[in-house]
Amino acid sequence: MSADHGVRRPDHAARRAALRNLLVENGVDALLVTDLVNIRYLTGFTGSNAALLVYSWDGAEDRTVVCTDGRYATQVGEQVPDLRAEIARACARRIIELAGEWQTGRVGFESHVMTVDQYHSLVDQGTGLELVSTRGLVEQLRTVKDDYEVDRLRAACAAADAALASLLDRGAIRPGRTERQVARELEWLMSEHGAAGVAFETIVAAGPNSAVPHHRPTDAVLAAGDFVKFDFGALVDGYHSDMTRTLVLGEPDDWQREIYDLVRGAQRAGREALKPGAGCAEVDVAARGVIEAAGHGDRFVHGLGHGVGLQIHEAPGIAKTGTGTLLPGMTVTVEPGVYFPGRGGVRIEDTLVVREGDPELLTLTTKDLIVVD
Ligand code: ZN
Ligand code: ZN
């Protein structure tokens, strides 16, 4: 095994081993996993119908079972060669049947994912198992990224950085073009730079639209003097990048420089607060305080950030209401914004990895105000 093995390929067995500790802590003998992203994380399987059973005790890997339907019979063999695969239409029912045959006692299920109907269909099987509600166990593991994941996130962020640099080089951001045209070109450039797709619907918001936090690109035309806000990301091997930059078309006005500097200062404060052991709410407060002190607290209308990985929004939430503390390896965004309805707004967003000491910045595009002549 080469030294960079952990970077080139995900170590699903190590992730399942980490999950076992959580199952023991939560007093269940096994976990029925039905969330497809969690199944991908634990096995590498990417099909659209699956269930997975993981036991809590060491040495139980021969009882780890992934179930999918006939459409994915070949795919599951290729993607998950190391685990027993069952083929059935109703995957969760088949898994519970097996757990019953193996006389498992307490089986956890993902109660934040399963529907009430699905739950009843499992209970009605009469296997004698005790089904125990668990919430977010695999999601908790997923908050701390392993080396492979950070490597893929780095690649996704690099594709987004390169695409924005190309867009600027090509002179594609100019008066007369529409938000939609610019957004499509940026997305195409991300794919040219290695993205398999977009991480989410690209936001290009010009002029007054920049004051709408989650504006969708329209046929609005870019004009001299506009703020142009880009919030976009690339998808690489299932991992999402997330970055926002706000540019100005032509010489900025004083109010534009002022608001830009304010958001930039708040964003810096947020990044500097990203330390192992810091409370998620504390990090939000660090950035929000800068904007509040300038009298614009009511114009920062969303949380400071979120975890990012196999999903664009995942735990932990970095907000006033956020719970828990940061751990090394967590990958989160820091994205304060200040919005003046009808006029314009600024948001600056980075994706970072929490490290001992300073966080590792993954989105490397400058945060100096970019003035597009
Ligand atoms: Zn974003
Ligand atoms: Zn974000």
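Quick note: structure is the one above.
In this text, all values refer to a predicted model and were calculated from it rather than measured experimentally.

**Here we look at the sheet that holds strand β7 (residues 197-198)**
Within a sheet, neighbouring strands are paired by backbone hydrogen bonds and run either parallel or antiparallel to one another. Taken together, three strands build an open sheet; the order of strands is β7-β10-β11 and the sheet is antiparallel. Because the sheet does not close on itself, it has two edges, and the strands there are β7 and β11 (239-240). As paired strands, β7 and strand β10 (residues 234-236) are joined by two bridges and run antiparallel to one another. Following the sheet pairing, V198 is matched in β10 by A234.

**Quick look at the coordination of the zinc ion (ligand 2)**
The coordination sphere of the zinc ion (ligand 2), as far as protein atoms go, consists of D242 (OD), H306 (NE2), E335 (OE) and E349 (OE), spread over 2.1 to 2.2 Å. Coordination geometry of the zinc ion (ligand 2): the four donor atoms subtend angles of 77 to 150 degrees at the metal centre, consistent with an arrangement described as irregular. Here the donor residues for the zinc ion (ligand 2) map to a single chain with the spacing D-x63-H-x28-E-x13-E. The metal-metal distance between the zinc ion (ligand 2) and the zinc ion (ligand 1) is 3.2 Å, with D242 serving as a donor to both. With D242 in the loop between β11 and β12 (243-249) and H306 in strand β13 (residues 305-307), this residue pair connects regions lying 64 residues apart in the sequence. Exposure class is identical for D242 and H306. Each is buried.

**Comments concerning the coordination of the zinc ion (ligand 1)**
Coordination of the zinc ion (ligand 1) by the protein comes from D231 (OD), D231 (OD), D242 (OD) and E349 (OE), over a distance range of 2.0 to 2.6 Å. Coordination geometry of the zinc ion (ligand 1): the four donor atoms subtend angles of 55 to 152 degrees at the metal centre, consistent with an arrangement described as irregular. For the zinc ion (ligand 1), the single-chain donor residues occur in sequence as D-x10-D-x106-E.

**Describing unusual backbone geometry**
Going from A315 to P316, the amide bond is cis rather than trans, its omega being 0 degrees. Of note, P316 is situated in strand β14 (residues 314-318). If you check the backbone angles, Q103 has positive phi at about 50 degrees while not being a glycine. Mapping Q103 onto the fold places it in the loop between α5 (91-101) and β5 (106-110). The exposure class of Q103 is exposed, given its relative accessible area of 70%. One non-glycine residue, D237, adopts positive backbone phi at about 50 degrees.

**Things to note about α5**
When you tally the buried positions in α5, you get eight out of 11 residues, the bulk of the element. Within the sequence span of α5, burial applies to C91, A92, R94, I95, I96, L98, A99 and G100. Remark: Q103 follows α5 within two positions and exhibits a positive phi of approximately 50 degrees.

**Comments concerning the pattern of salt bridges**
Taken as a whole and assessed by the stated rule, the structure comprises 30 salt bridges. Note that R15 and D146 form a salt bridge whose closest N and O atoms lie 3.0 Å from each other. Taken together, the residues R15 in helix α2 (residues 12-25) and D146 in the loop between α7 (137-142) and α8 (147-169) connect sequence positions 131 residues apart. Here R15 falls in the buried class, since its relative accessible area comes to 5%. The exposure class assigned to D146 is partly exposed, which follows from its relative accessible area of 23%. Where E201 meets R216, a salt bridge forms, and the shortest distance between an N and an O atom there is 3.1 Å. Here E201 is found in the loop between β7 and β8 (203-206), whereas its partner R216 is found in the loop between β8 and β9 (227-232), with 15 residues between them in sequence. By relative accessible area, which is 46% here, E201 ends up partly exposed. Each of R16, R20, E61 and D82 takes part in one network of salt bridges that share partners.

Rules and cut-offs
Residues numbered from 1 in each chain as written. Chains lettered and ligands numbered in written order. Predicted model: local features only at pLDDT ≥ 70, side-chain atom pairs only at ≥ 80, totals over all residues. Heavy atoms only, no water. Pairing = 2+ DSSP bridges. Helix = DSSP H or I, 4+ residues; strand = E, 2+ residues; numbered from the N terminus. Donors = N, O, S within 2.8 Å, 3.2 Å for Na, K, Ca; no water. Tetrahedral: all angles 85-135°; square planar, octahedral: opposite > 155°, others 65-115°. Buried < 20%, exposed > 50% of the residue type's maximum accessible area, 1.4 Å probe, protein only. Salt bridge = Lys/Arg side-chain N within 4 Å of Asp/Glu carboxyl O.

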